[in-house]
Amino acid sequence: NVSFAIPKGTTLGLIGSNGSGKSTILKLITKITYPTSGKLAVKGRIASLLEVGAGFHYELTGRENIYLNGSLLGLKKKEIDNKFEEIVEFSELRQFIDTPIKKYSSGMYVKLGFSIAIHVNPDILLVDEILSVGDANFQSKCIKKMRDIVADSEKTVILVSHNMVTIQALCDKTLWVEKGIIKAF
């Protein structure tokens, strides 16, 4: 019985305690899982950062995973070629780009995953607690990039976070969910 609409260009903060249903909502939007009843309508290209390393193949290198993940997010090879240097530069992983990602730290996964997702030019960007991972310098860089994205009136962003300062700084609206029930919108 959860019902809400997010207008194009909105940055929505999705808040609630652990286990409240926030990540489930994102998984429904990305069609990782499907609703047992009701309907869900999504319009536009979605890029998501739901879990560290989601969509990566651990035997492949960072370079190969950029192409794999980019294609999973709907980009053609030529589009990935055009964005490749920007992705690598933002990720700060140039010296490791030809290393299999099974040797990456969790912070390195996050850097690569975030870099790919923000460079695919999505209509809708879903971010699940990803901004709280990584070193302080990279977190700051991500927040700055997120500010650029949310300033674009054509982009819709859904940001899950327990950091209310981040929610207040980046979001137009907030959806509070507890035990699968909307407490406030």
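Student: Lay out the environment of E154 in plain terms, naming residues and giving numbers.
Tutor: Its place among the elements puts E154 in the loop between α5 (136-150) and β4 (156-160). Looking at E154, the relative accessible area reads 43%, which means it is partly exposed. Between the alpha carbons of E154 and N1 there is a distance of 29 Å; along the sequence they are 153 residues apart. When neighbours within four sequence positions are excluded, E154 is seen to be in contact with K8, G9 and D123. There is a polar contact of 2.8 Å between the side chain of E154 and the side chain of K8.

Student: Go over the nonpolar core, please, and point to the residues and values.
Tutor: In this structure, I66, Y104, L112, I116, L125 and M146 are the most contacted members of the largest nonpolar core, which totals 37 residues. Going through the elements one at a time, β2 (46-49), α3 (77-91), α4 (106-119), β3 (124-128), α5, β4 and α6 (164-170) are the ones with two or more residues in this core. Sort the elements by how many residues they give to this core and α4 lands first, with seven residues. Every residue in contact with L112, bar those within four places of it in the chain, is listed here: F56, G62, I66, S91, L93, I97, I101 and Y104. If you look at the next biggest cluster of nonpolar residues, it comprises 13 residues, including L14, L26, L126 and I158.

Student: With reference to specific residues and values, describe the pattern of salt bridges.
Tutor: Using the criterion set out here, one finds eight salt bridges in the structure. E59 is the salt-bridge partner of K102, the closest N and O atoms lying 3.0 Å from each other. With K102 in the loop between α3 and α4 and E59 in the loop between β2 and α2 (62-72), this residue pair connects regions lying 43 residues apart in the sequence. K102 gets classed as partly exposed once you look at its relative accessible area, which sits at 44%.

Student: Pulling in residues and values, what's your account of the packing of aromatic side chains?
Tutor: Counting across every chain of the model gives seven aromatic pairs. A ring pair is formed by F90 and F138, whose centres lie 5.8 Å apart and whose planes are at 65°; its orientation type is edge-to-face. Of the two residues, F90 sits in helix α3 while F138 sits in helix α5, which places them 48 residues apart along the sequence. Take F138: its relative accessible area is 1%, and that puts it in the buried class. Put simply, the rings of Y58, Y104 and Y109 pair up and form one aromatic cluster. Between the NZ or CZ atom of K141 and the centre of the ring of F90, over which it lies, the distance is 4.6 Å.

What counts, and where the lines are drawn
Residues numbered from 1 in each chain as written. Predicted model: local features only at pLDDT ≥ 70, side-chain atom pairs only at ≥ 80, totals over all residues. Heavy atoms only, no water. Helix = DSSP H or I, 4+ residues; strand = E, 2+ residues; numbered from the N terminus. Buried < 20%, exposed > 50% of the residue type's maximum accessible area, 1.4 Å probe, protein only. Contact = heavy atoms within 4.5 Å. Polar contact = N/O pair within 3.5 Å; in protein donor to acceptor, adjacent residues only side chain to side chain. Core = buried A, V, L, I, M, F, W, Y, C linked by side-chain atoms within 4.5 Å. Salt bridge = Lys/Arg side-chain N within 4 Å of Asp/Glu carboxyl O. Phe/Tyr/Trp six-rings, centres within 6.5 Å; stacked < 30°, edge-to-face > 60°. Lys NZ or Arg CZ within 6 Å of the ring centre and 35° of its normal.

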